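If you want the building blocks of each chain, they are given just below.
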Amino acid sequence: MKLRLLLISLITYSWTLFSQEFIRTKYNFNSDWKLKNGDIKNALINDFNDTDWERVTLPYAYNQREAFLKDIEELTTGIVWYRKSFKLPENAIDKKVFIEFEGIRQGGTIYVNGKKVGMHENGVMAFGFDISEYVKPFPFNNVIALRIDNDWHYRETTTNATYRWNNINFNANYGGIPKNVFLHITDKIYQTLPLYSNLKTTGVYVYAKDIDIANKSANISVEAEIKNEFSSDKNTELFVEIFDNDNHKIAEFTSEASTINSGATKTLKANKNLNDLHFWSWGYGYLYTVNSYLKIDGNITDKVETKTGFRKTAFRNGEVVLNDRVLQIKGYAQRTSNEWPAIGMSVPAWLSDFSNRLIVEGNGNTVRWMHVTPWKQDIESCDRVGLIQAMPAGDAEKDSQGDHWKQRVNLMRDAIIYNRNNPSIIFYECGNEVISEPHMHEMKSLRNTFDPYGGRAIGSREMLDSREAEYGGEMLYINKSAGKPLWATEYSRDEGLRKYWDEFSPPYHKEGEGPLYRGKPANDYNHNQDAHTIENVTRWYDYYVERSGTGHRVSSGGVNIVFSDTNTHHRGESNYRTSGEVDPMRIPKDGFFAHQVMWDGWVDIENYRTHILGHWNYADTVTKNIYVVSSADKVELFINGKSKGFGSQSKRFLFTFENIKFEKGSIKAIGYDTNRKVLSEDEKITAGKAHAIKLTPIINPTGFKANGADVALVNVEVIDKNGNRCPIDNSMINFSLKGDGIWLGGIAQGPNNYVLSNSLPVENGINRIMIRSGFNPDKIKIEATSKGLKSAKITLETLPFETSNGLSTALPNADLESYLDRGPTPSTPSYTIKRQPVFIKYAETESNAENAYNSYDDNELTEWRNDGRMNTGKITYTLAKPSIVNECVAKFTGWRSKSYPIRILADDTEVFKGDTQQSLGYITIPLKPALAEKITIELMGLNTENDAFNEIVEVDPNKELDLYKNKDAANRKGDLRIVEIEFYESP
């Protein structure tokens, strides 16, 4: 009788439990991990004794404390084990349990409760496993263990192929689990996860069609892949709710009902036309929350939340168009690791926002992640801050074949599926260099299959004449097109430390001085800030002069390499790359402000800015050139209110004032338009004697969490009695920390780069330190002292972080707000027409006449050339209509090394005579205006060869710099060779 009552009770309990509506939950799985270096026997079994292992909260690379301490080639590699104990929720009986890793490095085997679940090896992409059959229900304890190998030479187990992007030059090897981990618990009918490898599922896809920017409307569609693992068929609908950025519900709609058979997988679709939409834009990270539910026999269950944004794109006429407005690409080629000292890439989500938002605040609109897919945290961060992304799959240099190519295809497929709801991704990059047309087609087919409505161009570096690629562009050079957009995928490779203002400021670094690189002087990699900034201005100018509005063929911009100094391949005196416009702690160099000036507009300048390079704290004996970067038409300099005249303008944005004698007080630069109207100004004052230390905390906007992973930044400044930063002070600051916090410190030039050191010098009056939270809420007290300076103290209070049995419902990016400061896309044009193209009808020449068209075919991989004899160096272009041509724009073969002595005739009138300049692409030749039907280019003498950019080097020192050069080219002096030529008249 008692047994019968017990059975009835158990059945009743089970029926009650399973009749309740189950709420799908995504858990933060980052807490309570342990790790140990070495290949440890029996570490996969549950009762293994790991009490002496290091306790960590993910994301956490086991060697991350070496970031910037060691050269990339010296980062620790080998085997590491991670373990974690956890319990499932009480209501997760007979449910589906999935684990999602945003990525591990490099190859790892995953075990649950001592059993092998599977492997993941590409070291880049997110992946997941169904662990439902491996876990035990509450109150049993579960153990997950990972054996991970981050060897530089790791090989894929099934093919024995290496991973070419596991590269010692550019992909900093932060090993283990450097990214977030999540646990998903669902019912047996559920919306799948966007994790194709292993699970073979594609998740939820949200997209907009029929976008009408002017009327703020679009058709919003939601597609959800549904899997039914119940033993019975289910009558199912997809129910959708959409909430705006302020969490107000703006819509709900439902798909048609559909029966999903037991064991089947089916995609349900729902859509609705919506009005009064806010479109995601540059610096306007407006996001919607799309909640998709399953409605099973009328009961709502299985909620999936998708954060996304809606925007319209087009790629045409050599231009990138966002929300019906042309946008010139202005930004950075950033290492995907995006790392910081002593913590590597494993930063909290708010710090990703801090770094990526700086790019936007510096008026950059695009980040091109280099070589490998960025992790989801950075992708979502760019969504919030309004920063366009170019997302690669995985590549080193050049095309691949065989198993290496299959690896790249599989990675691109997984990356597209995982990231297709992120509006900031506008470009899919298929290679870090040109790939074959069949390979481009293969990649494009992935985009068309898995993201047909995302509004994303797919292409690769170079691909200038590709019929398949939808964008392209070289690494260093200026490309133009009237068809698909061409933008420089990385330019301006010079380096320079933040520590060096100029030769007149402590520590009095001589410009360019430093060790040899590959046996040759490395002047361009040991710049001071003046020289590095001037180089950045010079290099951007080439793209600016060929922007939209300047002709039929235009450059769609470029990205500077890199944004922040990086623990990767370097050429200068440091063991890390110093090309950044901010240092590793994201403290700006002068180059940051120069770009902020030059880039303040979608295409043309829209907001005027002026920035004086350097400081105003010199010795009384110093006389030096003062440089000002300004978008004004002319700039006047004042010392203590007295005018020093107008600067000499070059490269449009640079104004030089020669031999300015220092006078204590104020230096001011005022920018005017051509009518003397003030447009912008900048002023610097002489700071007094160093007096005190100032500490300023920068913390997580949602509170400093005691989770063992959150980080607080603290600015450390040396100031005078009036609170002004002392810009030439390099005092050593000593720090002490009390409380449950972990000292991470900062970086400076010196022994071991001062990484993790409790003593750290300021550089140019400022530095920045990091504190990681402990595991218990506490008041962390930091004191900074230095001999002769007034000390400073601050207290940082950490907040409780709730976790239970290894699970937390507080996701890493919870409550982080979007950056909306730039506002919606303006409805006005982004540029004015500067000149009108005069089109060529046909060309005539005595030599190689069949190739004459190549000189104006909008294809930079073709050329017209004569036969090498000077008397055949002549080509005549018949214009589409008689025109008053006043400019000729040309790209001559050997653009960076050859100079051609030519004359140009408008009909029979000479309108130019002289030598062509070397360039990194195009030159503009002013012509005497003359009405003409024909324009003739004629070689007048022997051409000369001398590389004007011999210090600008490619990654591969043996790479051919001239697309058409051959062994005899330098010896032939009678060549006339034209890649592209254009003619213009006044608008």
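Residues numbered from 1 in each chain as written. Predicted model: local features only at pLDDT ≥ 70, side-chain atom pairs only at ≥ 80, totals over all residues. Heavy atoms only, no water.

## Topic: the overall build of the protein chain
Put simply, the rule reads: Secondary structure elements follow DSSP: runs of H or I of four or more residues count as helices, runs of E of two or more count as strands, with numbering from the N terminus. Only C-alpha atoms enter the radius of gyration, while the globule expectation follows 2.2 Å times N to the 0.38, with N the number of residues. When a residue's accessible area, from a 1.4 Å probe over protein chains only, is under 20% of the maximum for its type it is buried; when over 50% it is exposed; and in between it is partly exposed. Any two residues having at least one pair of non-hydrogen atoms within 4.5 Å are treated as being in contact. This count recognises Lys and Arg as positive and Asp and Glu as negative, with His and chain-terminal groups excluded. For this purpose, a charge sits on NZ of Lys, CZ of Arg, CG of Asp or CD of Glu.
What the protein chain contains, in helices and strands, is seven helices and 57 strands. Relative to a compact globule of 987 residues, whose C-alpha radius of gyration would be 30 Å, the protein chain shows 30 Å and is just as compact. On the principal axes, the C-alpha backbone points of the protein chain span a range of 115 × 70 × 55 Å. The buried share among the 987 residues of the protein chain stands at 63%. Considering only contacts in the protein chain between residues 6 or more positions apart, those separated by 24 or more positions represent 73%. In the protein chain, which carries 118 positive and 130 negative side-chain charges, the distance between the mean positions of the two groups comes to 3 Å.

## Describing the side chain of Asn-767
Condition: Distance and chemistry together define a polar contact, namely a pair of N or O atoms within 3.5 Å, with one atom able to donate a hydrogen and the other to accept it when in protein, and with adjacent residues in sequence counting only for side-chain atoms on both sides.
Checked against the element boundaries, Asn-767 lands in strand E45 (residues 766-773). One polar contact links the side chain of Asn-767 to the main-chain carbonyl oxygen of Ile-747, over a distance of 3.1 Å. In terms of polar contacts, Asn-767 uses its side chain to reach the backbone carbonyl oxygen of Pro-761, at 2.7 Å. Among residues more than four places away in sequence, those in contact with Asn-767 are Arg-498, Ile-587, Val-714, Asn-715, Val-716, Ile-747, Ala-748, Leu-760, Pro-761 and Val-762.

## A short note on the nonpolar core
Quick note on the threshold: Put simply, a nonpolar core is a bunch of buried Ala, Val, Leu, Ile, Met, Phe, Trp, Tyr and Cys residues held in one set by side-chain atoms that sit within 4.5 Å of each other.
Counting 93 residues, the largest nonpolar core has Trp-340, Phe-427, Val-629 and Leu-713 as its most contacted members. Ranked by residues supplied to this core, first place goes to helix H2 (residues 349-361) with seven residues. Discounting residues that sit within four places of it in the chain, Trp-340 has contacts with Ala-67, Phe-68, Val-347, Leu-351, Phe-354, Ser-355, Pro-584, Met-585, Arg-586, Leu-713 and Met-770. If you look at the next biggest cluster of nonpolar residues, it comprises 34 residues, including Tyr-190, Leu-193, Met-391 and Tyr-428.

## A word on helix H3 (residues 376-385)
Among the 10 residues that make up H3, nine are buried, leaving the element largely enclosed by the rest of the structure. Listed in full, the buried residues belonging to H3 are Lys-376, Gln-377, Asp-378, Ile-379, Ser-381, Cys-382, Asp-383, Arg-384 and Val-385. On its buried face, H3 sits against H2, strand E26 (366-370), strand E27 (388-392), helix H4 (402-419) and strand E28 (425-429). Within two residues after H3, Gly-386 carries a phi angle of roughly 80 degrees, on the positive side.

## Points about the sheet that holds strand E33 (residues 623-630)
Our working definition: For two strands to be treated as a pair, DSSP must find no fewer than two bridges joining them. For helices, the axis comes from a line fit to the C-alpha atoms of the stretch in contact; other axes are also lines fit to C-alpha atoms, and the angle between any two N-to-C directions lies between 0 and 180 degrees.
Strand order in this open sheet of four strands is E32-E33-E37-E36, and the pairing throughout is antiparallel. Either end of the sheet is taken by a strand with one partner, and the two such strands are strand E32 (610-612) and strand E36 (648-650). In this sheet, neighbouring strand axes are inclined to one another by 25 degrees on average, regardless of whether the strands run parallel or antiparallel. Here helix H6 (residues 529-544) sits on the sheet and contacts E33 and strand E37 (654-661); the angle it forms with E33, its principal contact strand, is near 35 degrees.

## Considerations on the pattern of salt bridges
The criterion, for reference: For this analysis, a salt bridge means a side-chain nitrogen from Lys or Arg found within 4 Å of a carboxyl oxygen belonging to Asp or Glu.
Tallied over the entire structure, the rule returns 62 salt bridges. When the shortest N-O distance is used, the salt bridge between Arg-547 and Asp-604 registers 2.9 Å. Taken as a pair, Arg-547 in the loop between H6 and strand E31 (557-561) and Asp-604 in the loop between helix H7 (590-598) and E32 lie far apart in primary sequence, 57 residues in all. Judged by its relative accessible area of 8%, Arg-547 falls in the buried class. Judged by relative accessible area, which is 12%, Asp-604 ranks as buried. With its nearest N and O atoms 2.9 Å apart, the salt bridge here joins Glu-863 to Arg-977. Of this pair, Glu-863 sits in the loop between strand E49 (840-844) and strand E50 (864-865) while Arg-977 sits in strand E57 (residues 977-985); the two residues are 114 residues apart in sequence, bridging distant segments of the chain.

## Side note on the packing of H2 against H3
Convention followed: By the definition adopted for this analysis, an angle is roughly parallel if under 35 degrees, roughly antiparallel if over 145, roughly perpendicular if from 65 to 115, and oblique otherwise. Crossing handedness is defined as follows: a turn of the near helix away from the far one that is anticlockwise and smaller than a right angle gives a left-handed crossing, while the clockwise case is right-handed.
It is at 9 Å that the axes of H2 and H3 come closest, and there the two elements cross at 50 degrees. As the angle between them shows, H2 and H3 are arranged oblique. Of the two possible hands of crossing, H2 and H3 adopt the one that is right-handed. Taken together, the residues of H3 that come into contact with H2 (itself represented by Ala-349, Ser-352, Asp-353, Asn-356, Arg-357 and Val-360) are Gln-377, Asp-378, Ser-381, Cys-382, Arg-384 and Val-385.

## Regarding the sheet that holds strand E29 (residues 457-459)
The strand order E29-E28-E27-E26-E25-E31-E30 describes an open sheet built from seven strands, whose pairing is parallel. Where the open sheet ends on each side, the last strands, each with one partner, are E29 and strand E30 (488-491). Taken pair by pair, the neighbouring strands of this sheet meet at an average axis angle of 25 degrees, ignoring direction. Summarising the sheet, E27 and E28 pair through four bridges and their orientation is parallel. When the bridges of E28 are listed, Pro-392 appears paired with Glu-429. Against the sheet, helix H5 (residues 437-450) makes contact with E28 and E29, and its axis sits at roughly 155 degrees relative to E29, the strand it touches most.

## Quick word on a positive patch on the surface
Rules: Only residues whose relative accessible area exceeds 30% and that form no salt bridge enter a patch; like-charged residues are grouped when within 9 Å of one another, and nonpolar side chains (Val, Leu, Ile, Met, Phe, Trp, Tyr) when within 5 Å. Using a 1.4 Å probe, the Shrake-Rupley method yields the accessible areas, and only the shown protein chains count as cover for residues.
A surface patch of positive charge is lined by Lys-738, Lys-779, Lys-781 and Lys-793. Given a relative accessible area of 48%, Lys-781 falls into the partly exposed group.

## Quick word on the packing of H6 against H7
As a reminder, the rule being used: Each residue gets one label: Ala, Val, Leu, Ile, Met, Phe, Trp, Tyr, Cys and Pro are nonpolar, Asp, Glu, Lys and Arg are charged, and the others, such as Gly, are polar.
Relative to each other, H6 and H7 sit at 30 degrees, their axes nearing to 9 Å. Taken together, the axis directions place H6 and H7 in an arrangement best described as roughly parallel. The handedness of the crossing between H6 and H7 is right-handed. Contacts between H6 and H7 involve Gln-529, Thr-533, Asn-536, Val-537 and Trp-540 from the former and Asp-590, Gly-591, Ala-594, His-595 and Met-598 from the latter. Split by residue class, the contact of H6 with H7 holds four nonpolar, five polar and one charged.

## What to know about the environment of Trp-540
Position of Trp-540 relative to the elements: it lies in helix H6. Among residues more than four places away in sequence, those in contact with Trp-540 are Gln-328, Ile-329, Lys-330, Tyr-491, Gly-557, Gly-558, Met-598, Trp-599 and Phe-653.

## Structural notes on the side chain of Ser-830
One can find Ser-830 in the loop between strand E47 (789-797) and strand E48 (836-838). What makes Ser-830 buried here is its relative accessible area of 6%. A polar contact is formed between the side chain of Ser-830 and the backbone oxygen of Val-326, at a distance of 2.8 Å. Once you skip the residues sitting within four places of it in the chain, Ser-830 turns out to touch Arg-325, Val-326, Trp-602, Val-603, Asp-604 and Glu-606.

## Looking at the environment of Ala-314
By secondary structure assignment, the location of Ala-314 is in strand E22 (residues 313-316). Note on Ala-314: relative accessible area 13%, which makes it buried. Linking Ala-314 and Ser-352, residues 38 residues apart in sequence, is a C-alpha distance of 28 Å. Look past the residues within four positions of Ala-314 in its chain and what remains in contact with it is Glu-319, Val-320 and Val-321.

## Points about H7
For H7, the tally of buried residues reaches eight of nine residues, placing the bulk of the element in the interior. Listed as buried for H7 are Asp-590, Gly-591, Phe-592, Ala-594, His-595, Gln-596, Val-597 and Met-598.

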